[in-house]
Structures are given as structure tokens and as C-alpha cells.
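Chain by chain, the residues:
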Amino acid sequence: MSNSVVSAPSRSAWLDVTKVILAAMVVGLHARFLQDLFPATGYIFVNGIFRSAVPVFFVISGYYFYDVINFGTFKKWLTRILLLYGFWMTVYSPFWLWPTAEKPFNLLEAIHRILFGYH
């Protein structure tokens, strides 16, 4: 009898460090890093170097996502994502669901926000 257990690849420390650096680049992008003090340098960072952070992050995430699909744990992953989405939509529901004097409740708008998220 052979027990073949398929496991996900182990985490790579350098990829984790890279993802932290990429996250800092996204923060710098949104904070308009150096744009007030040195406009030319800020432009190079914000509209150049920092713009590569999101695509690189997607490539790294896709590398791990392939293993999720390939090893049959997609259902578990999808359930976790949907539970997290439901939890945070519930937490933020007072901001988008409850009516106010200026904005009465609108069922179609509520359904749209549930499907596409609050932003």
C-alpha cells in the first residue's frame, strides 16, 4: 500500500521579504513618495519603479495559486475567501447598507454592493 500525500510547496523566505518590499512600494505609490520635496525624483519612483509592484505581486501570488488549484485544495481556498469576504462586508455594512436621512435604503444598490463590494 502506498500513501501518496501531496503537499503544497514550502514558503520561501526571499519571496516573503520581496512581498513586504512590494507592499512598501505600493504604500509609497499611494503616498506620492518624494513628490512634494523632489518632483522629478518622486515622478521616477511613483510613476516608474513603484508601478511594477502590483504586477510582480500578482506573479508571485499566481505561483502559489497554481499549487492550490493543482493539488485539489481549491474548494477549501474558495470557501475561506468567501467567508472572509462575507465577514468584512458584514463589519462594514453600517457604512453602506443602513439608510440615512440623505440616502434612503435602495434594494438594487444594496444587491450591487453585496456582489461587487463596498468602495
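Just so it is clear, the structure is predicted and the values come from calculations on it, not from any experiment.

Each value, and the rule that gives it
- Residues numbered from 1 in each chain as written.
- Predicted model: local features only at pLDDT ≥ 70, side-chain atom pairs only at ≥ 80, totals over all residues.
- Heavy atoms only, no water.
- Helix = DSSP H or I, 4+ residues; strand = E, 2+ residues; numbered from the N terminus.
- Buried < 20%, exposed > 50% of the residue type's maximum accessible area, 1.4 Å probe, protein only.
- Contact = heavy atoms within 4.5 Å.
- Areas by Shrake-Rupley, 256 points an atom, 1.4 Å probe, with all protein chains shown as cover.
- Patch = residues over 30% accessible without salt bridge, like charges linked within 9 Å, V, L, I, M, F, W, Y side chains within 5 Å.
- Salt bridge = Lys/Arg side-chain N within 4 Å of Asp/Glu carboxyl O.

1. Focus: the overall build of the protein
Here's step 1: For the protein, the count of helices and strands is 6 helices and 0 strands.
Here's step 2: When the elements of the protein are put in sequence order from the N terminus, they spell out α-α-α-α-α-α.
Here's step 3: Expressed as a percentage of its 119 residues, the buried residues of the protein come to 17%.
Here's step 4: Once local pairs closer than 6 in sequence are excluded, the contacts in the protein between residues at least 24 apart make up 48%.
Here's step 5: Accessible surface for the protein amounts to roughly 9800 Å². Of this, 71% is attributable to carbon and sulfur atoms.

2. Structural notes on a nonpolar patch on the surface
Here's step 1: On the surface, I81, L84, F87, W88, V91, Y92 and F95 cluster together to form a nonpolar patch covering roughly 690 Å² of accessible area.
Here's step 2: Of the residues forming the nonpolar patch, the biggest block, 5 residues, is contributed by helix α4 (residues 74-91).
Here's step 3: Inspection of the secondary structure puts I81 in helix α4.

3. Side note on the side chain of Q35
Here's step 1: Within the secondary structure, Q35 is located in the loop between α1 (13-30) and α2 (39-47).
Here's step 2: Residue class for Q35 comes out buried when judged on its relative accessible area of 16%.
Here's step 3: Excluding residues within four positions of it along the chain, Q35 makes contact with G42, Y43 and V46.

4. A look at the environment of K103
Here's step 1: Mapped onto the elements of the fold, K103 is located in the loop between α5 (93-96) and α6 (107-116).
Here's step 2: Of the residues examined, K103 reaches a relative accessible area of 32% and is grouped as partly exposed.
Here's step 3: Among all residues touching K103, those that are not within four sequence positions of it are W96, E109 and R113.

5. Looking at the environment of K19
Here's step 1: Of note, K19 is situated in helix α1.
Here's step 2: Distance in space between the C-alpha atoms of K19 and V54 is 9.9 Å, their sequence separation being 35 residues.

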